[in-house]
Amino acid sequence: MSETTNNLAVSLFSEILVVDQLARASVARVLPKGMELSHFSVLNQLGHAGMERTPAQLAKTFHLTRGAMTNTVNKLERAGWVHIRPDWDDARRKMVSISPAGQAARDAALAAIAPVIAEVVDKVGADKVRIALPVLRELRLKLSELE
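All residue numbers refer to position in the chain's written sequence, counted from 1. In keeping with the predicted nature of the model, local features appear solely for residues at pLDDT of at least 70, side-chain atom pairs appear and are counted solely at 80 or more, and the whole-chain, interface and lining totals rest on all residues. Hydrogens are left out, water is left out, and the side-chain values use all remaining heavy atoms of the structure.

Moving on to the overall build of the protein chain. Note on conventions: DSSP H or I runs of at least 4 residues are helices, E runs of at least 2 residues are strands, and numbering of each starts at the N terminus. Secondary structure assignment for the protein chain yields six helices and two strands. Secondary structure elements in the protein chain, listed N-terminal to C-terminal, are α-α-α-α-β-β-α-α. The principal-axis extents of the C-alpha atoms in the protein chain amount to approximately 55 × 35 × 20 Å. Burial classification: accessible surface area is computed with a 1.4 Å probe over protein chains only, and a residue below 20% of its type maximum counts as buried, one above 50% as exposed, and the rest as partly exposed. Taken over 147 residues, the protein chain has a buried fraction of 22%. A total of about 10300 Å² of accessible surface is found on the protein chain, and carbon and sulfur atoms cover 60% of it. Looking at charge distribution, the protein chain has the averaged site of its 19 positive side-chain charges lying 4 Å from that of its 16 negative ones. What sets the accessible areas is the Shrake-Rupley method with a 1.4 Å probe; for residues, cover comes only from the shown protein chains. Think of it this way: Lys and Arg go in the positive column, Asp and Glu in the negative one, and His and the chain ends go nowhere. The atom standing in for a charge is NZ when the residue is Lys, CZ when it is Arg, CG when it is Asp and CD when it is Glu.

See below:
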């Protein structure tokens, strides 16, 4: 790779990392009391998927260890936001689903987050965001191939 390409890559990923930090901080500030960003992420995934998932499947989705995901899922269960049951086919596994309270918490979080994100999109411009999305998706896909 040329030095120009290396510099471009470093600049790109520096911007992505800073945007990630700022976006997470902005979203975390408006989440409902007691909800962490990791909680919202799991609730959003379960709510969007509309089906049960194992902690291992969730860990893979979020590129986390099973232990880290089990910790998050246990916190969500204590909050009443997910149901955990044994897998009837394999008693060693557990199945996780979003509870009605979890769905309500997810919906409240989305209602709080949406205006924050929409304001940023308005300031940047919807046309610019539409142009950036395919590039970001392609970067995500290429990075996921490296794993």
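From this point, the discussion proceeds with the structure in view.
Glancing now at the nonpolar core. Counting 20 residues, the largest nonpolar core has Leu31, Met35, Leu43, Leu46, Leu58 and Val82 as its most contacted members. Contributions of two or more residues to this core are made by α2 (37-49), α3 (55-62), α4 (66-78), β2 (94-98) and α5 (100-124). When checking whether two residues touch, look at their non-hydrogen atoms; a contact exists if any pair is within 4.5 Å. Beyond its immediate chain neighbours, meaning those up to four positions away, Leu58 contacts Val42, Gln45, Leu46, Arg53, Met69, Val73 and Val96. Residue types Ala, Val, Leu, Ile, Met, Phe, Trp, Tyr and Cys, when buried and joined through side-chain atoms within 4.5 Å, form a set referred to as a nonpolar core.

What is shown is where atoms sit, not what they do.
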